Amino acid sequence: MPLKMRSMKSIIKNACLVFGVAAFFNAASAQEIIQSDTVKTVAPKPVSQKQKIDGVIGVVGDYVILDSDIDIAYIEITSQGNPTKDITRCQILGKLLEDKLYAHQAIQDSIVVTDAEINNMMEERIDAFVERAGSMEKLLKIYKRPTEEDFRTYFFDILKMGKLTSEMRNKIIEAVEITPEEVRTFFKKFPKEDLPQIGAEIEVSQIVINPEVTKAEKQKVIDKLNEFRTDVLSGNGSFFSKAVLYSKDEGTKSNGGFMRVNRKNNLVKEFKERAFSLEEGQISEPFETEYGWHIIMVEKIRGQDVDLRHILLIPKISEEAMQEAKDEIVGIRNKIVNGDITFADAARSSSDEKETRANGGVLTNPQTLDPRFDLTKMDPSLYVQVSDLQEGQVSQPIVDEDRLGRKTYKLITVTKRYDAHTADYALDYLKIKDLALKEKQIKAIGDWTEEKIKETYIKINGEYRDCAFVNNWVKK
């Protein structure tokens, strides 16, 4: 939500991770709750390179911070297109000290982060970094690493520390709760003229009708997957090459369909069950999920993890099936417009989208997890579909296409519009509650940090000791 305010600015600023380096290294959301030294902008004295002690500028528990870590942070901030002229080395050091403190305490608290988890993260991230840099050679040059193996070792350690940091922060704030009385007290402490201005928002619902796949089209896909399976088992081509050439899963096909699956992964039930039912070297029979039809080949079983490759094929939708789906959704729209049924009841009885069907087709904003969408921050494709709809108006049937190329028909309605207004306790309770909770979480993290600094071995070297930190890292 666009919050135009003065008194609440510090709450929001402290609640946001402003460094690109943290988003890169720690995979942190821009809305993570931290109390960061980065919010203090007092200019430090220039730091002399002569003050380096073997490159070590700080120590937190068992972790060391090198002067080159700050250089790498600047590289990442710049690579993401963010300006660095107002970010000092002292500010970055403050953020690195915080992260090391979190990671150190996570180990003390026996928070477990497995190598398998990090390996899963690393492959995906490195692929994205190589794509952004242009090649692995260019990536190594940017990060001043001699070999890919050296970079992977270095990056593994960075990701592991980032995961420990994230888990520790989550542990600190997960027990923080807010009562309605605390929310009311939080709201009342701001003068009326300092309350935020909340931009125009809407609530949206939809009904989705999926064209029915014919038995003949399903059988074509099953036969093709069986053909791939037979070829691989008989040595007539590799699973890798089949996946690259034919799989419809754009996220894995370029890597030969490779996935590392953990029992805790958020995968569809059918896929996970099949993955953990196979022995090494086995290839599954074709099976169906909500995404299409698959075959899986298990390469390596690693305890709770399975390395596998998969091929996804999607049956074609005939023109007749598309027309039938259109006729169905037109009929649903006519009943709604004529008053024979409400939009919500039609969604519950007829929509094929199980995520929204039970609650009457109401869409949830993925950023805020509530049904209100800020018009200025909506997904552009959704904005185009709803911008001209009046409250209660039902759209004409819309052909929608997902990332896998599957087409569906849908109806959309704007169930409620909210004009831009000054924050109102009753109308905007959830947003006010969220801000009040963030303030309380920030305080909890601040109290935790102050306590742990006192009991943890921390050392700052050279002229970095003169930095104007918010936290008492130098223990004056």
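The coordinates are above.
What this report covers is the structure whose coordinates are included nearby. (Residues numbered from 1 in each chain as written. Predicted model: local features only at pLDDT ≥ 70, side-chain atom pairs only at ≥ 80, totals over all residues. Heavy atoms only, no water.)

Another point: the nonpolar core. With 52 residues, the main nonpolar core has Leu93 and Phe155 as its most contacted residues. Sort the elements by how many residues they give to this core and helix α7 (residues 148–174) lands first, with eleven residues. The contact partners of leucine 93, leaving out residues within four places of it in the chain, are Ile57, Ile65, Ile70, Ile460, Tyr464 and Phe469. Ranked by size, the runner-up nonpolar core spans 14 residues in total, among them Val183, Phe190, Ala423 and Leu435. (Core = buried A, V, L, I, M, F, W, Y, C linked by side-chain atoms within 4.5 Å. Buried < 20%, exposed > 50% of the residue type's maximum accessible area, 1.4 Å probe, protein only. Helix = DSSP H or I, 4+ residues; strand = E, 2+ residues; numbered from the N terminus. Contact = heavy atoms within 4.5 Å.)

This part covers the packing of aromatic side chains. Geometrically, a pair of aromatic rings is defined through the distance of the ring centres and the angle of the planes. As enumerated under the stated definition, the model contains ten aromatic pairs in all. Clustering of aromatic rings is evident, with ring pairs tying together Phe129, Tyr143, Phe151, Tyr154 and Phe155. Lying across the ring of tyrosine 154, arginine 145 places its NZ or CZ 3.9 Å from the centre. Of note, arginine 372 hangs over the ring of tyrosine 418, and the distance from its end group to the ring centre comes to 4.1 Å. (Phe/Tyr/Trp six-rings, centres within 6.5 Å; stacked < 30°, edge-to-face > 60°. Lys NZ or Arg CZ within 6 Å of the ring centre and 35° of its normal.)

Glancing now at the pairing of strand β1 (residues 56–60). The buried fraction of β1 is high, at five of five residues. Alignment of β1 against strand β2 (residues 63–66), held across four bridges, turns out to be antiparallel. Within β2, the residue paired with valine 60 across the bridge is tyrosine 63. Sheet analysis places β1 next to strand β13 (residues 458–460), joined by three bridges and oriented antiparallel. Bridge pairing in β13 links glycine 58 to isoleucine 460. (Pairing = 2+ DSSP bridges.)

So, on to a negative patch on the surface. Taken together, the side chains of Glu212, Glu319, Glu320, Glu324 and Asp327 make up a negatively charged region of the molecular surface. Classification of aspartate 327 as partly exposed rests on a relative accessible area of 47%. (Patch = residues over 30% accessible without salt bridge, like charges linked within 9 Å, V, L, I, M, F, W, Y side chains within 5 Å. Areas by Shrake-Rupley, 256 points an atom, 1.4 Å probe, with all protein chains shown as cover. Salt bridge = Lys/Arg side-chain N within 4 Å of Asp/Glu carboxyl O. Lys, Arg positive; Asp, Glu negative; His and termini not counted. Charge placed at Lys NZ, Arg CZ, Asp CG, Glu CD.)

A separate point is the pattern of salt bridges. Under the defined criterion, the tally for this structure stands at 31 salt bridges. Residues glutamate 290 and lysine 354 are paired through a salt bridge, measuring 3.5 Å at the closest nitrogen-oxygen approach. A residue pair is termed long-range when its members are at least 10 positions apart, and glutamate 290 in the loop between β6 (287–289) and β7 (292–302) and lysine 354 in helix α14 (residues 354–357) qualify at 64 residues. With a relative accessible area of 40%, glutamate 290 lands in the partly exposed category. Between arginine 348 and aspartate 345 there is a salt bridge, and its shortest N-O distance comes to 2.9 Å. Taken together, the positions of arginine 348 and aspartate 345, both in helix α13 (residues 343–350) and three residues apart, correspond to about one turn of that helix. For aspartate 345, a relative accessible area of 39% translates into the label partly exposed. Here the residues in one salt-bridge network are Glu201, Arg372, Asp428 and Lys431, joined through shared partners.

Moving on: the state of the cysteines. Taken as a whole and assessed by the stated rule, the structure comprises one disulfide. The disulfide bridge from cysteine 90 ends at cysteine 467, spanning 1.8 Å between sulfur atoms. Judged by the torsion about the S-S bond (-65°), the cysteine 90/cysteine 467 disulfide is left-handed. Highlighted residues: cysteine 90 in helix α4 (residues 89–108) and cysteine 467 in the segment after β13, separated in sequence by 377 residues. Comparing cysteine 90 with cysteine 467, the two get one shared label, buried. (Disulfide = S-S within 2.5 Å.)

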